[in-house]
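Architecture at a glance
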Amino acid sequence: MNHRWLGGTLTNWATLQKSIKRLKLLKAMTEDGRMEQLSKKERARLDREMKHLFQNLEGIENMTQLPDAMFVIDSNAEEIAVKEARRMGVPVVSVVDTNCDPDVVDWIIPGNDDALRAIRLFTSKISESVIEGRNAYAQSQVGEAKAAADQAAADGVEYVDTSAYEQYEKQEGDFVEGAEAVVEAFKAGAEATVPPDEESR
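Residues numbered from 1 in each chain as written. Predicted model: local features only at pLDDT ≥ 70, side-chain atom pairs only at ≥ 80, totals over all residues. Heavy atoms only, no water.

**A few points about the overall build of the protein chain**
To keep it simple, the criterion reads: Only DSSP runs of H or I covering at least 4 residues are called helices, and only runs of E covering at least 2 are called strands; the numbering of each starts at the N terminus. Note on classification: 1.4 Å probe, protein chains only; a residue is buried when its accessible area is under 20% of the maximum for its type, exposed when over 50%, partly exposed between these limits. Here a residue-residue contact requires only that any non-hydrogen atoms of the pair lie within 4.5 Å.
The number of helices and strands found in the protein chain is six helices and three strands. Each helix and strand of the protein chain, ordered N terminal to C terminal, gives the series α-α-β-α-β-β-α-α-α. Across the 201 residues of the protein chain, 20% fall into the buried class. Taking the contacts inside the protein chain whose residues are at least 6 apart along the sequence as the reference set, 43% of them involve residues at least 24 apart.

If you want it as structure tokens, here you go:
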């Protein structure tokens, strides 16, 4: 996001997803020709809306969940973004100048956050590191899956890839543990309300 941080981008993620969905709908209407079938006035209104949404949401259009980390150029100027990230438990990596508070940043990069050349250097190095890290993670996942398949073949057991289920379980949460906790709480409440028998009186 290089234009403006929208308040609630992290703390009000569900609402922001609606705006992203609207942006994707408008883009689809433009691409498949539905926009051309509208009146000139309606088309101009939707074009303005799409331009506004695109300006604010272009960088996070394909982000389906909260980020694992956030990189900020100036933690002082982007105070709202840093506060939201800390509130949601997202680690913050930031270029910290002499006018910034280092206590609100998890990973500090000391440097000049005003010079354009310095900003280009920092952002290019961070993006290269992210791409390199993703590639290394993907290779490690492929290596682990291959090792598991080889081990299963050696043991005479058919290997089943469970990565899709693990991803689903990570997103949805463990329903079984939640259900067991509810059952235990219900049992405890039921035991507390059972009347004492005649002998105990």
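**Some remarks on the sheet that holds strand β1 (residues 70–72)**
So the rule is basically this: The pairing criterion for strands is at least two bridges between them, as found by DSSP. Axis angles are defined between N-to-C directions and span 0 to 180 degrees, where every axis is a line fitted to C-alpha atoms and, for a helix, only to the segment in contact.
Spatially, three strands are ordered β1-β2-β3 in an open sheet, and the strand pairing comes out parallel. The open sheet has two edge strands, β1 and β3 (107–110), and neither has a second partner. Strand-to-strand twist in this sheet, taken as the mean axis angle between neighbours without regard to direction, amounts to 15°. Across four bridges, the pairing between strand β2 (residues 92–96) and β3 is parallel. Residue pairing for β3: V96 is matched across the bridge by P110. Sitting on the sheet, helix α3 (residues 79–88) is in contact with β1 and β2, with an inclination near 160° to β1.

**Re helix α2 (residues 40–57)**
For the record, the criterion: Multiply 1.5 Å by the residue count of a helix minus one, and that product is the helix's expected span. In this description, one arc is meant: the one made by directions from the helix axis to the C-beta atoms.
Across its 18 residues, α2 extends 25 Å between first and last C-alpha, which sits within 8% of the 26 Å expected from 1.5 Å per residue. Buried residues of α2: L46, M50, L53, N56 and L57, and no others. Looking down the long axis of α2, one finds its buried residues gathered within 135° of arc, a one-sided arrangement. In this structure, α2 carries K40, K41, R48 and K51 as exposed residues pointing more than 90 degrees from its buried face.

**Quick look at the side chain of D97**
Heads up, the condition is: Positive charges are assigned to Lys and Arg, negative charges to Asp and Glu, while His and the chain termini are left out of the count. Only one rule defines a salt bridge in this text: a Lys or Arg side-chain nitrogen within 4 Å of an Asp or Glu carboxyl oxygen.
Among the structural elements, D97 can be located in the loop between β2 and β3. Despite its burial, D97 remains without a salt bridge, the nearest opposite charge being carried by R117 at 15 Å. Sequence-distant contacts of D97, that is, excluding residues within four places in its chain, are made with G111, N112, D113 and D114.

**Some thoughts on the packing of helix α1 (residues 13–32) against α2**
Basically, it comes down to this: Any angle that is under 35 degrees is reported as roughly parallel, and any over 145 degrees as roughly antiparallel; angles of 65 to 115 degrees are reported as roughly perpendicular and all others as oblique. Here a crossing is taken to be left-handed if its near helix is turned anticlockwise relative to the far helix by less than a right angle, and right-handed if that turn runs clockwise. Three classes are used, and their members are as follows: Ala, Val, Leu, Ile, Met, Phe, Trp, Tyr, Cys and Pro are nonpolar, Asp, Glu, Lys and Arg are charged, and the others, Gly among them, are polar.
Where α1 contacts α2, the two axes come as close as 10 Å, and the packing angle between them is 130°. Relative to α2, the element α1 is oriented oblique. Note that α1 runs across α2; the crossing there is left-handed. When α1 is examined against α2, the residues L16, S19, I20, R22, L23, L26, K27, M29 and T30 are found in contact with a partner set consisting of L46, E49, M50, L53, F54 and L57. A class-by-class count of the residues in the contact of α1 with α2 yields 10 nonpolar, two polar and three charged.

**What about α3?**
All buried positions along α3 are accounted for by A81, V82, E84 and A85. For α3, the angular spread of buried residues about the axis comes to 165°, placing them on one side. Within α3, the exposed residues directed more than 90 degrees away from the buried face are I80, K83 and R87. Summarising the contacts, the buried residues of α3 are in contact with β1 and β2.

**What to know about the environment of D106**
This is how the line gets drawn: Polar contacts, as used here, are pairs of N or O atoms within 3.5 Å; protein pairs need one atom able to donate a hydrogen and one able to accept it. Residues neighboring in sequence count only if both atoms are side-chain atoms.
Note on placement: D106 falls in the loop between β2 and β3. By relative accessible area, which is 42% here, D106 ends up partly exposed. In contact with D106, other than residues within four places in its own chain, are R86, V90, P91 and V92. At 2.8 Å, the side chain of D106 and the backbone nitrogen of V92 are in polar contact.

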